[in-house]
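Structural features, examined
Residues per chain are reported as follows:
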Amino acid sequence: MKARAFDYRRVASVAEALDAYAACEGEARFLAGGQSLLPALNLRLDAPDLLIDIGRIESLRGIVLEGDRLRIGALTRHAETLTSPLIAEHAPLLTQAAAYMAHPAIRNLGTMGGSLALSDPASELPACMRALGAELEITGRDGTRTIAADDFFLDLFENVIEPGEMLTAVRVPLPVPGTRMRFDEIARRRGDYALVGLAAHLVLTGPTVESARLAFCSVGPTPMRAPAAEAALAGRSLDAAAIAEAKAALADDLAPDEDEGFSAAARMHLARVLLGRVLSALTGQEYGEMAA
Amino acid sequence: MIEPQPVTVTVNGARVRRFVEPRVSLADFLRRDLGLTGTHLGCEVGACGACIVNLDGQPVHACLMLAVQADGMRIDTIEGLSDSGELAELQAAFHARNALQCGFCTPGILVVARDFIRDCRASGRRPTRAVIRDALSGNYCRCTGYEAIVDAIESVAGAAPMREDAA
């Protein structure tokens, strides 16, 4: 199908984009990589009056170290996330997750900010942001605010960005010694939406888990933290017994819905299998070493 | 009233300037405005891969980009990549192994395969069949069952270096 007619304006700065949004009398959308927006337009699931093309705003690009954070610009393409040496060094969870994100041709245009602003719970990046304890930077005409990833996602495709605001960057805390992270997912085919995905971030002292952050995709309306499973790991040695308890505890964390072709019980089973797989892989990492 | 907007792109090496309605996808622009119908349009949602072209040297779905977005960029379609000879080795391998039947998916698959083989050669790795299948995961073929396509790409990936892109 073809998109309904809309007007188009390319802007050179965030301020210009926000002004254009405010001046639009109908519905406006920010166009970044367009890899989710254009399908929605072509299917006529969305039919805005104006697209504001933010794809060439220089200030939205770049991956830089800022103190104890890695700042990743909203226009960072998934292909850059996959290959960035800074991301591989400081947030290898994202490097791993990027390999699962759609297909290479989509990764060449799709952006970090676009994926997070869409807040599809089946996407990899939202879960990664929660697991990493990242902060998201949101800019409006009144200034910039920062919000923790745990507070950003509200519901299915809903988040705290207000109309007229734009997600401009994310900031990921640099890993402390003893950090281990891993992303994995189970999908019917490579590049398909995950049946279940898991972003795991652990901090260990010696063999002991100091803290665990587990965030699942595709098992709820938002990327889902698993507090009971995390608590089952905290203070324990990362061994088979602790992993078994974490898997059992998942029943208190997740309640996936039925959908066509997949029962809630089957999805829950896959979530447990995936948790076991990811934690076992993390057990194998040397202390202090991060997943490559 | 929504006005057509000026778009200047370099398509297969030639500079082209047209006025285009904002809602026109790059795929429709190539096919209808420029008559480059080798770029095929299947699903229009980025699932089937038939419309993949090179944008500034990188494969992208022409159905998931607006023509106005591509202003100032370089686009190489199956026509340009064929005429330049860059695809000759792959095309010969597809022909030899019967890696196409109806041919609808072939332009997109060739663009993706060329990029894949270039990456393989740059990194010095010889891909396994599983890796080749992974690289093709965004391209639907409803005729061949993929075996012959994987065969063809495997034979080229294992052969001498392909001619490099001039740009």
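The numbers attached to residues start from 1 for each chain and follow its sequence in the written order. Whichever chain is written first is A, and whichever ligand is written first is 1; the rest continue in order. Predicted model: local features are reported for residues with pLDDT of at least 70 only, side-chain atom pairs are reported and counted for 80 or more only, and whole-chain, interface and lining totals are derived from all residues.

A look at the overall build of chain B
Let me state the cut-off plainly: Every helix listed is a DSSP run of H or I at least four residues long, and every strand listed is a run of E at least two residues long, numbered separately from the N terminus. Radius of gyration: C-alpha atoms only; globule rule: 2.2 Å multiplied by the number of residues to the exponent 0.38. Each residue is classed by its C-beta neighbour count within 10 Å, where at least 20 other C-beta atoms makes it buried, 12 or fewer makes it exposed, and intermediate counts make it partly exposed; the C-beta atoms are placed from backbone geometry. For the purpose of contact definition, each residue receives a C-beta atom placed from its backbone, and two residues are in contact when these atoms lie within 7 Å.
The helix and strand inventory of chain B stands at six helices and five strands. When the helices and strands of chain B are placed in sequence order, the string is β-β-α-β-β-β-α-α-α-α-α. Over its C-alpha atoms chain B spans a radius of gyration of 16 Å, differing by no more than 12% from the 15 Å that the globule rule assigns to 167 residues. Oriented by its inertia axes, the alpha-carbon framework of chain B measures out at about 55 × 35 × 25 Å. For chain B, with 167 residues in total, the buried portion stands at 48%. Counting contacts in chain B only where the partners sit at least 6 residues apart, residues at least 24 apart contribute 62% of the total.

Some remarks on the sheet that holds strand β2 (residues 14–20) of chain B
Strand pairing within a sheet occurs via backbone hydrogen bonds; the two strands may be parallel or antiparallel. Residues and elements named next belong to chain B. Test applied: Pairing between two strands is assigned when DSSP locates at least 2 bridges connecting them. Here the axes come from fitting lines to C-alpha atoms, over the contacting stretch only for helices, and the angles between their N-to-C directions go from 0 to 180 degrees.
Ordered by their spatial adjacency, five strands build an open sheet running β2-β1-β5-β3-β4, and the pairing between neighbours is mixed. Of all strands in the sheet, those bounded by a partner on one side alone are β2 and β4 (58–61). Here the strands of the sheet are splayed against their neighbours by 40 degrees on average, with no regard to which way each runs. By the bridge criterion, two bridges tie strand β1 (residues 5–11) to strand β5 (residues 74–76) in an arrangement that is parallel. Counterpart to Thr10 in the pairing with β5 is Arg74.

Digging into the packing of helix α4 (residues 106–123) of chain B against helix α6 (residues 147–157) of chain B
Residue and element names in this part refer to chain B. Where we set the bar: Rotating anticlockwise by less than a right angle from the far helix to the near helix defines a left-handed crossing, while the corresponding clockwise rotation defines a right-handed one. The residue classification treats Ala, Val, Leu, Ile, Met, Phe, Trp, Tyr, Cys and Pro as nonpolar and Asp, Glu, Lys and Arg as charged. All others, Gly included, are polar.
The contact between α4 and α6 brings their axes to 10 Å, and the two run at 35 degrees. Between α4 and α6 lies a crossing whose hand is right-handed. Across the interface between the two elements, Ile109, Ala113, Ile117 and Cys120 from α4 touch Ile149, Ile153, Val156 and Ala157 from α6. Residue composition of the contact of α4 with α6, by class: eight nonpolar, no polar and no charged.

Notes on the UniProt feature "domain: FAD-binding PCMH-type" (unreviewed entry) in chain A
This is how it is decided: UniProt positions are given in the numbering used here, feature names are shortened, and annotations may be inferred rather than shown by experiment.
Residues annotated by UniProt as "domain: FAD-binding PCMH-type" (unreviewed entry) correspond here to residues 1–177 of chain A. Helix and strand shares over residues 1–177 of chain A are 33% and 26% respectively, and the end C-alpha atoms of the span are 52 Å apart.

Describing the pairing of strand β4 (residues 63–66) of chain A
Note: β4(A) against strand β5 (residues 69–73) of chain A, four bridges, orientation antiparallel. Each residue of the ladder has a partner; that of A:Glu66, found in β5(A), is A:Arg69.

Quick notes on unusual backbone geometry
With phi around 60 degrees, A:Ser119 is a residue other than glycine that occupies positive phi space. Its location among the elements puts A:Ser119 in the loop between α7 (112–118) and α8 (124–132). Take A:Ser119: there are 22 C-beta atoms within 10 Å of it, and that puts it in the buried class. For B:Glu44, which is not a glycine, the phi torsion comes out positive at approximately 65 degrees. Structurally, B:Glu44 is set in the loop between α1 (26–33) and β3 (52–55).

Remarks on the nonpolar core
Condition: Definition of nonpolar core: a set of buried Ala, Val, Leu, Ile, Met, Phe, Trp, Tyr and Cys residues joined via C-beta atoms within 7 Å.
Formed by 145 residues in total, the largest nonpolar core has its most connected members in A:Ile52, A:Leu93, A:Cys128, A:Ala199, A:Ala200 and A:Phe216. Residues in contact with A:Ala199, not counting those within four places in the same chain, are A:Leu93, A:Ala97, A:Ala127, A:Cys128, A:Ala131, A:Phe183 and A:Ala215.

With respect to the domain arrangement of chain B
Residue and element names in this part refer to chain B. Test applied: Domains are outlined according to an automatic or database domain assignment.
Considered domain by domain, chain B is made up of domain 1 (5–81) and domain 2 (85–157). Contacts between the two partners involve 13 residues from domain 1 and, on the opposite side, 14 residues from domain 2. Of all the secondary-structure elements, those providing two or more residues to the side of domain 1 that touches domain 2 are β3 and α2 (78–83). Per-element accounting of the side of domain 1 that touches domain 2 gives the leading share, three residues, to β3. When the residues that make up the side of domain 1 that touches domain 2 are grouped by side-chain class, the tally is eight nonpolar, five polar and no charged.

Some words on the domain arrangement of chain A
Assigned domains of chain A: these are domain 1 (7–53), domain 2 (58–173) and domain 3 (179–283). A straight line from the C-alpha centre of domain 1 of chain A to that of domain 3 of chain A covers 36 Å.

Topic: the environment of B:Asn139
Residues and elements named next belong to chain B. Tracing the backbone through its elements, the reader meets Asn139 in the loop between α5 (129–135) and α6. The class of Asn139 is buried, set by 23 C-beta atoms lying within 10 Å. For the pair Asn139 and Gly108, spaced 31 residues apart in sequence, the C-alpha separation works out to 7.2 Å. Those residues in contact with Asn139 that sit more than four places away from it in its chain are Gly49, Cys105, Gly108, Ile109 and Val112.

A word on the confidence of the model for chain A
Short version of the rule: The quantity known as pLDDT measures the predictor's confidence residue by residue, on a range of 0 to 100.
A residue-level look at chain A finds 97% of positions with pLDDT of 70 or above and a mean pLDDT of 95. This model gives residues 287–292 of chain A a pLDDT under 50, and the stretch forms 17 contacts once residues within four places in sequence are excluded.

A closer look at the interface of chain B and chain A
Across the contact, 25 residues belong to chain B and 24 residues belong to chain A. Mapped onto the side of chain B that touches chain A, the elements with two or more residues apiece are β4 and α5 of chain B. Counting residues per element, the side of chain B that touches chain A draws most heavily on β4(B), which supplies four residues.

Topic: α6(B)
All names here are of chain B. Our working rule: Taking the helix axis as origin, the arc is that swept by the directions to the C-beta atoms.
Inspection of α6 places Ile149, Val150, Ala152, Ile153, Val156 and Ala157 among the buried residues, and these make up the whole buried set. One side of α6 carries all its buried residues, which in axial view fall inside an arc of 160 degrees. Contacts made by the buried residues of α6 are with α3 (88–96), α4 and α5.

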